[in-house]
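Observations on chain architecture
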Amino acid sequence: MRNAVPVLAWAALLGALATMLALWTGDLVAVALLPGAVLVALVVALGAARARDPGERWVPEASASGVLGACALALLALGAVAGLWAALIGAGVLVLALIAAVRERWG
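Quick notes on the rules
Residues numbered from 1 in each chain as written. Predicted model: local features only at pLDDT ≥ 70, side-chain atom pairs only at ≥ 80, totals over all residues. Heavy atoms only, no water. Axes fitted to C-alpha atoms, helices over the stretch in contact; angles between N-to-C directions. Helix = DSSP H or I, 4+ residues; strand = E, 2+ residues; numbered from the N terminus. Parallel < 35°, antiparallel > 145°, perpendicular 65-115°, else oblique. Left-handed = near helix turned anticlockwise from the far one by under 90°. Contact = heavy atoms within 4.5 Å. Nonpolar A, V, L, I, M, F, W, Y, C, P; charged D, E, K, R; others polar. Patch = residues over 30% accessible without salt bridge, like charges linked within 9 Å, V, L, I, M, F, W, Y side chains within 5 Å. Areas by Shrake-Rupley, 256 points an atom, 1.4 Å probe, with all protein chains shown as cover. Salt bridge = Lys/Arg side-chain N within 4 Å of Asp/Glu carboxyl O. Polar contact = N/O pair within 3.5 Å; in protein donor to acceptor, adjacent residues only side chain to side chain.

1. Quick notes on the packing of helix 1 (residues 5–24) against helix 2 (residues 28–50)
Orientation of helix 1 relative to helix 2, taken along the N-to-C sense of each, is 165 degrees, at an axis distance of 9 Å. On the basis of their axis angle, the class for helix 1 and helix 2 is roughly antiparallel. By crossing handedness, the relation of helix 1 to helix 2 is classed as left-handed. The residues of helix 2 that touch helix 1, namely those facing Val7, Leu8, Trp10, Ala11, Leu14, Gly15, Leu17, Ala18, Leu21 and Ala22, are Ala30, Val31, Leu34, Pro35, Ala37, Val38, Ala41, Leu42, Val44 and Ala45. Of the residues belonging to the contact of helix 1 with helix 2, the class tally is 19 nonpolar, one polar and no charged.

Written out as structure tokens, the structure reads:
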């Protein structure tokens, strides 16, 4: 449960902002999106509460595959604006990230 406290605090902040936004604006899209973010944060908090003890780590502390995966997703998203070349580079980096993750997991 201790892992879920920061996420629950974030959900509470988002909930307060959603309440203030609902009071001050009549824009339906904005009023619907922020409570959706609160629900997502609560689902993440539930997952964090059910997670096992962080002391029992199976993966290394510093993971290159996580950084590579984040860069790959950013390049894939950039591909929607910049063009196919960025999406293809992002796909290649994603393959490298997956290979690195498998190597970290199974040696």
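Picking up where we left off.
2. Points about a nonpolar patch on the surface
Taken together, the side chains of Trp10, Leu13, Leu17, Met20, Leu23 and Trp24 present a nonpolar region at the surface, about 710 Å² in accessible area. Mapped onto the secondary structure, Leu13 falls in helix 1.

3. A short note on the side chain of Ser65
Here Ser65 is to be found in helix 3 (residues 64–82). Here Glu104 takes part through its side chain, which lies 3.1 Å from a polar atom of the side chain of Ser65. Setting aside chain neighbours within four positions, we find Ser65 in contact with Ala97, Ala100, Ala101 and Glu104.

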